[in-house]
Amino acid sequence: MNTFKALLIALSFYLATMAQAADLEGWQGKRDILKMGLYPPDIIMRHQQKLGVSVAQRKKITGAVKAFQSDIAELQWSLENEQQIMRQTLIGHPIASGDALQQVERVLSLESQFKLAHFKLLIAIKNELSDEQIDLLQRTLKRRMEAKGLSVEGS
Amino acid sequence: MKINNDIIDPVEKTLARRFREQREVEALHAPAFPTGQELLIRASADAAISGAWLNAVPKFALAASVLLAVFLYLKPTVSQDPGELYADIMGANTVATDSLLSLSGTLAPQSLEVPGLFDFDSSFDDTFDARQ
């Protein structure tokens with residue numbers, strides 16, 4: 001029973017660590033987005049009360065996210081498939097560079113389409129916010145980053 | 001039924017006699033075995049009943065399917081939080097080439113993450129209210 005409990009505790013720690021690692025990985029992307037002066041919808045929605053997001057704004061943001069979802073719906077399947085092929089191509093040795101680079105180009109093209117759709121979403125969301133809301137977001141972010149001793153760029 | 005006279009034990013003899021008497025009493029009260037004619041009538045009645053039920057099962061199934069389809073179609077859809085929807089979409093997609101080309105923490109320490117950086121808390125500047 002003691003062995004079982006110890007294993008259970010170890011498993012819990014492991015799962016918690018993995019979850020935190022995955023979460024930290026997501027924050028890298030968010031920081032880059034925020035430094036560019038764009039605001040992901042999950043951050044806006046999480047603090048919609050403080051920002052005073054109206055019902056109309058929420059509706060428009062929801063519509064923008066759904067439009068993004070439909071833009072990339074078909075792209076997701078192709079992207080995952082092509083990424084998998086690219087990984088398999090690059091794992092081998094020696095690599096046939098002509099074929100590999102063609103595959104990389106296919107993946108880059110699909111990823112570019114994905115990023116373009118993502119930018120379209122973030123721009124649409126920012127355009128829905130008022131100047132006061134953006135100012136509040138920027139000032140708060142700047143304060144937080146200065147508190148952490150990080151450089152403030154593009155905010 | 002006769003008592004088996006080979007049973008020597010008097011207790012067993014007594015028990016055997018009692019069981020015999022009990023069977024005779026029960027036989028008097030038991031219903032008569034049905035005749036062949038009665039069995040035929042009963043079987044045809046059961047067939048008629050089961051046939052009717054069997055014919056009705058597909059109709060019930062069809063009706064249940066139609067009701068379920070109507071219910072699912074007319075069910076009011078709960079609008080998903082756009083933040084959660086966005087998180088689901090981004091969580092399901094990875095840009096493989098970005099991760100391939102990213103620098104490791106040893107080469108670029110400033111790229112290391114700061115947990116909780118984007119958690120807005122009550123340390124807002126309360127002198128400003130975006131809702132004004």
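To start, this report covers the structure provided alongside it. (Residues numbered from 1 in each chain as written. Chains lettered and ligands numbered in written order. Predicted model: local features only at pLDDT ≥ 70, side-chain atom pairs only at ≥ 80, totals over all residues. Heavy atoms only, no water.)

## A look at the overall build of chain A
Note the cut-off: Comment: elements are numbered from the N terminus, with helices defined as DSSP H or I runs of at least four residues and strands as E runs of at least two. Relative accessibility thresholds used throughout: buried, under 20% of the residue-type maximum; exposed, over 50%; partly exposed, between the two (1.4 Å probe, protein chains only). Residue contacts are counted whenever heavy atoms from the two residues lie within 4.5 Å of one another. All accessible areas in this document rest on Shrake-Rupley with a 1.4 Å probe, and a residue is counted as covered only by the protein chains that are shown.
Helix and strand content of chain A: six helices and zero strands. When its helices and strands are written in sequence order, chain A yields α-α-α-α-α-α. Out of the 155 residues belonging to chain A, those deemed buried represent 33%. Long-range pairs, those at least 24 residues apart, make up 67% of the contacts in chain A between residues at least 6 apart in sequence. As displayed, chain A has an accessible area near 9,600 Å², and 58% of this comes from carbon and sulfur atoms.

## Examining the pattern of salt bridges
All names here are of chain A. Where we set the bar: Each reported salt bridge corresponds to a side-chain nitrogen of Lys or Arg within 4 Å of a carboxyl oxygen of Asp or Glu.
The tally for this structure, following the rule as stated, stands at six salt bridges over all chains. In this structure, Asp71 and Lys120 form a salt bridge, with 3.5 Å as the shortest nitrogen-oxygen distance. Note that Asp71 is positioned in helix H4 (residues 55-91) and Lys120 in helix H5 (residues 97-128), a separation of 49 residues in sequence. The partly exposed category is assigned to Asp71, whose relative accessible area is 38%. Lys120 gets classed as exposed once you look at its relative accessible area, which sits at 55%.

## What to know about the packing of aromatic side chains
Residues and elements named next belong to chain A. The condition that has to hold: For Phe, Tyr and Trp, rings pair up if their centres lie within 6.5 Å, where Trp contributes its six-membered ring, and each pair is then called stacked (planes under 30 degrees apart), edge-to-face (over 60) or tilted (otherwise).
Evaluation of the coordinates by the stated rule reveals one aromatic pair over all chains. Ring plane angle 55 degrees and centroid distance 6.0 Å describe the contact between Phe68 and Phe114, whose orientation is recorded as tilted. Residue Phe68 is located in helix H4, and its partner Phe114 is located in helix H5; the two are separated by 46 residues in the primary sequence. On the basis of relative accessibility, which here comes to 2%, the residue Phe68 falls in the buried class. Assessed through its relative accessible area of 4%, Phe114 is described here as buried.

## Things to note about unusual backbone geometry
That bond from His93 of chain A to Pro94 of chain A is cis: its omega, -5 degrees, falls within 30 degrees of zero. Examined against the element boundaries, Pro94 of chain A turns out to sit in the loop between H4 and H5.

## A short note on the packing of H4 of chain A against H5 of chain A
Residue and element names in this part refer to chain A. Here is the rule: Angular values range over 0 to 180 degrees, each being the angle between N-to-C directions of two axes fitted as lines to C-alpha atoms, with helices fitted over their stretch in contact. Oblique is the label for any angle not under 35 degrees, not over 145, and not in the 65 to 115 range, which are roughly parallel, roughly antiparallel and roughly perpendicular in turn. In this scheme, a crossing is called left-handed if the near helix is turned counterclockwise away from the far one by less than a right angle; it is called right-handed if the turn is clockwise. Charged residues are taken to be Asp, Glu, Lys and Arg, nonpolar residues to be Ala, Val, Leu, Ile, Met, Phe, Trp, Tyr, Cys and Pro, and polar residues to be all remaining types, Gly included.
Packing of H4 against H5 brings their axes to within 9 Å, and their N-to-C directions diverge by 170 degrees. Classed by the angle they form, the pair H4 and H5 counts as roughly antiparallel. In this structure, H4 crosses over H5, and the sense of that crossing is left-handed. Partitioning the contact of H4 with H5 into residue classes produces 19 nonpolar, seven polar and seven charged.

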